[in-house]
Amino acid sequence: MVHRPADSRLLANLLNHEKDYSKHLSILLEYSQSSLASFSAYAAACAPPTSQVIIAVAGALTGADHALRNYAVAVVQWQEQLKALKDMEDDVGNIMRDREIL
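Rules of the game
Residues numbered from 1 in each chain as written. Predicted model: local features only at pLDDT ≥ 70, side-chain atom pairs only at ≥ 80, totals over all residues. Heavy atoms only, no water. Helix = DSSP H or I, 4+ residues; strand = E, 2+ residues; numbered from the N terminus. Rg over C-alpha atoms; globule rule 2.2 N^0.38 Å. Buried < 20%, exposed > 50% of the residue type's maximum accessible area, 1.4 Å probe, protein only. Contact = heavy atoms within 4.5 Å. Areas by Shrake-Rupley, 256 points an atom, 1.4 Å probe, with all protein chains shown as cover. Lys, Arg positive; Asp, Glu negative; His and termini not counted. Charge placed at Lys NZ, Arg CZ, Asp CG, Glu CD. Polar contact = N/O pair within 3.5 Å; in protein donor to acceptor, adjacent residues only side chain to side chain. Salt bridge = Lys/Arg side-chain N within 4 Å of Asp/Glu carboxyl O.

**Focus on the overall build of the protein chain**
Then, number 1: When its secondary structure is counted, the protein chain shows two helices and zero strands.
Then, number 2: Against the 2.2 N^0.38 benchmark of 13 Å for 102 residues, the protein chain shows a C-alpha radius of gyration of 23 Å, more extended than a compact globule.
Then, number 3: Across the 102 residues that make up the protein chain, the buried fraction comes to 16%.
Then, number 4: For the protein chain, long-range pairs separated by at least 24 residues make up 77% of all intrachain contacts whose partners lie at least 6 apart in sequence.
Then, number 5: With an accessible surface of roughly 8,000 Å², the protein chain has 62% of that area assigned to carbon and sulfur atoms.
Then, number 6: Here the protein chain holds 9 positive side-chain charges and 12 negative ones, and the gap between their average locations is 3 Å.

And the structure:
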């Protein structure tokens, strides 16, 4: 593979896609919370043997929801690191351009 100089457009494109991904993940988490609340209300309205099973399933789904929220936090941190990298690449690009001018 031939090494090419970094193209800031590729990183900017990645940042845009990560931003969209994060937005969609946030929307998913909102719907997940609403769905889980409805599911829990349904469990409370059911007869005792059935409600216990549904509550156990709701507990498992709550665990999955918490894991997904932790993942969403990690995605946001990843985006911040990518933004910092882009800023550093832009600074290096400006220095290289200024050096060529001088």
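Right, picking up where we left off after that structure.
**Description of the environment of Gln79**
Then, number 1: Within the secondary structure, Gln79 sits in helix α2 (residues 48-101).
Then, number 2: As for Gln79 and Ser22, which are separated by 57 residues in sequence, their C-alpha atoms are 8.8 Å apart.
Then, number 3: With sequence-adjacent residues up to four places away left out, Gln79 is seen in contact with Leu15, Glu18, Lys19 and Ser22.
Then, number 4: A distance of 3.0 Å separates a polar side-chain atom of Gln79 from the backbone oxygen of Glu18.

**Focus on the pattern of salt bridges**
Then, number 1: For the structure on display, the rule yields three salt bridges.
Then, number 2: Note that Arg69 and Asp65 form a salt bridge whose closest N and O atoms lie 3.3 Å from each other. Taken together, the positions of Arg69 and Asp65, both in helix α2 and four residues apart, correspond to about one turn of that helix.
Then, number 3: Residue class for Arg69 comes out partly exposed when judged on its relative accessible area of 31%.
Then, number 4: Residue Asp65 is classed as buried on the basis of its relative accessible area, which comes to 5%.
Then, number 5: Residue Lys86 pairs with Asp90 through a salt bridge whose shortest N-O separation is 3.1 Å. Of this pair, Lys86 and Asp90 both sit in helix α2, four residues apart, which is roughly one turn of that helix.

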